[in-house]
Amino acid sequence: MTEISQVSMLDLLPPNLKRDPALAAAAKSIDEELRSITAAISKLSRYDRLDELTDAEADELAWEMHVDFYDTSLPLSQKRELVKNAIPFHRRKGTPAAVEELVSILFGEGKVEEWFEYGGDRGYFQVITNNPEVTQERAQEFYRAVESVKRKSAHLERVILSQSEPMNLYFAGVLRMGEKMTVRMV
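Throughout this description, residue numbers start from 1 for each chain and increase along the sequence as written. Since the coordinates come from a predicted model, pLDDT governs what is reported: local features require at least 70, and pairs of side-chain atoms require 80 or more to be given and counted, while whole-chain, interface and lining totals use all residues. Calculated side-chain values reflect all of the structure's heavy atoms, with hydrogen atoms and water omitted.

K.L.:
Just give me the short version of the overall build of the chain, but keep the residues and values in it.
P.N.:
Helix and strand counts for the chain stand at 10 helices and 3 strands. Elements are defined by DSSP. Helices are runs of H or I of four residues or more, strands are runs of E of two residues or more, and each kind is numbered from the N terminus. When its helices and strands are written in sequence order, the chain yields α-α-α-α-α-α-α-α-β-α-β-α-β. Scaling as 2.2 N^0.38, a compact globule of 186 residues should have a C-alpha radius of gyration of about 16 Å, whereas the chain reaches 33 Å, well beyond that. Only heavy atoms matter for contacts: two residues are in contact if any of them lie within 4.5 Å across the pair. Nonlocal contacts in the chain, meaning residues at least 24 apart in sequence, comprise 48% of its contacts between residues at least 6 apart. Atoms counted for the radius of gyration: C-alpha only. Globule rule: 2.2 Å times residue count to the power 0.38.

K.L.:
I'd love a proper account of the sheet that holds strand β2 (residues 124-129), names of residues and values included.
P.N.:
Adjacent strands of a sheet pair through backbone hydrogen bonds, lying either parallel or antiparallel. At least two DSSP bridges between two strands are required for those strands to pair. An order of β1-β2-β3 is seen for the 3 strands of this open sheet, with the pairing classed as mixed. The open sheet terminates on both sides in strands that have one partner only, identified here as β1 (110-114) and β3 (155-161). On average, adjacent strands in this sheet sit at an angle of 25° to one another, irrespective of strand direction. Sheet topology note: the β2/β3 ladder contains 6 bridges and is parallel. Paired with glutamine 126 across the strands is arginine 158, a residue of β3. Orientation is described by lines fitted to C-alpha atoms, with helices fitted over the stretch in contact, and by angles between N-to-C directions that extend from 0 to 180 degrees. Across the sheet, helix α8 (residues 96-107) is in contact with β1 and β2; its angle to β1 comes to roughly 155°.

K.L.:
Just give me the short version of unusual backbone geometry, but keep the residues and values in it.
P.N.:
With a phi close to 55°, histidine 66 is a non-glycine residue in the positive phi region. For every residue, the accessible area (1.4 Å probe, protein chains only) is compared with the maximum for its type, and the residue is labelled buried under 20%, exposed over 50%, or partly exposed between those bounds. Classification of histidine 66 by relative accessible area gives exposed; the value is 56%.

K.L.:
Now, about the packing of aromatic side chains: what can you tell me, with residues and values included?
P.N.:
Think of it this way: a Phe, Tyr or Trp ring, Trp meaning its six-membered ring, pairs with another when their centres are within 6.5 Å, and the plane angle makes it stacked under 30 degrees, edge-to-face over 60, tilted otherwise. Per the stated rule, a full pass over the model turns up 1 aromatic pair. A ring pair is formed by tryptophan 115 and phenylalanine 116, whose centres lie 5.5 Å apart and whose planes are at 85°; its orientation type is edge-to-face. By relative accessible area, which is 23% here, tryptophan 115 ends up partly exposed.

K.L.:
Please set out the side chain of glutamate 114 residue by residue, giving values where relevant.
P.N.:
You can see glutamate 114 is positioned in strand β1. By relative accessible area, glutamate 114 is classed as buried at 14%. Setting aside anything within four residues of it in sequence, one finds glutamate 114 in contact with Pro96, Tyr124, Phe125 and Arg151.

K.L.:
Talk me through the pairing of β1; I want residue IDs and the actual numbers.
P.N.:
For β1, a buried count of 4 out of 5 residues is recorded, marking the element as mostly surrounded by other parts of the structure. Pairing between β1 and β2: 5 bridges, direction antiparallel. Counterpart to valine 112 in the pairing with β2 is valine 127.

K.L.:
Describe the nonpolar core, and please don't skip the residues or the numbers.
P.N.:
Generally speaking, nonpolar side chains in soluble globular proteins are found buried as a group. Buried Ala, Val, Leu, Ile, Met, Phe, Trp, Tyr and Cys residues that are joined via side-chain atoms within 4.5 Å together make up what is termed a nonpolar core. Core analysis: the largest hydrophobic core is formed by 30 residues, its most contacted members being Leu82, Val83, Val99, Leu102, Leu106, Phe125 and Val127. Elements supplying a minimum of two residues to this core: α5 (55-64), α6 (76-84), α7 (86-92), α8, β2 and α10 (139-149). Sorting elements by how many residues they give to this core places α8 first, with 7 residues. Those residues in contact with valine 99, other than ones at most four positions away along the chain, are Val112, Phe125, Val127, Val146, Val149 and Lys150.

K.L.:
Can you break down α8 residue by residue, with the values?
P.N.:
For α8, built from 12 residues, the straight-helix expectation of 16 Å at 1.5 Å per residue is met to within 8% by its first-to-last C-alpha distance of 16 Å. Taken residue by residue, α8 has Ala98, Val99, Leu102, Val103, Ile105, Leu106 and Phe107 as its buried positions. The buried residues of α8 occupy an angular sector of 165° when the element is viewed end-on, so they sit on one face. Residues of α8 that are buried sit in contact with α6, α7, β1, β2 and α10. In the segment just after α8, glycine 108 is the residue with positive phi, at about 90°. What a helix is expected to span follows from its residue count: subtract one and scale by 1.5 Å. Arc, as used here, means the arc of the directions from the helix axis to the C-beta atoms.

If you want it as structure tokens, here you go:
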């Protein structure tokens, strides 16, 4: 079976019109234009190719989908992830899961603990992350990201940076066994 991109207008003409040199030339002349249009059609559905979006397409799609926390200076891979997750974010907006997903996309791993899980005040939560890039310089960006998806009645109390490093631990024990004798001289 021939793909539509390989079909020529000349192939579609009936035999009596193919013999007319003017019509045959006209059919061949529009083949290139039709091929370019056919190639452009595959790019119309951006949702089918979210992993292949260009920078400009990701920016435009983020605007169309109202991605709350979106910055045009983000790396392309993060832009694509935010656009891919725009609809799920809108569905789960206001939940700890939405905060965790956004933190994971933008800053690496992150976990949300609500006030009742760590003994905090009612309505507060904390975010635990292992990304050392969540520093004072990026604190505003982190705060804006969390504010864009959390519920309005919840308040970010603190961000805990949790790091684990491999460490060699050495320990020893001593066991002393013996008898105690008391000698009395009489």
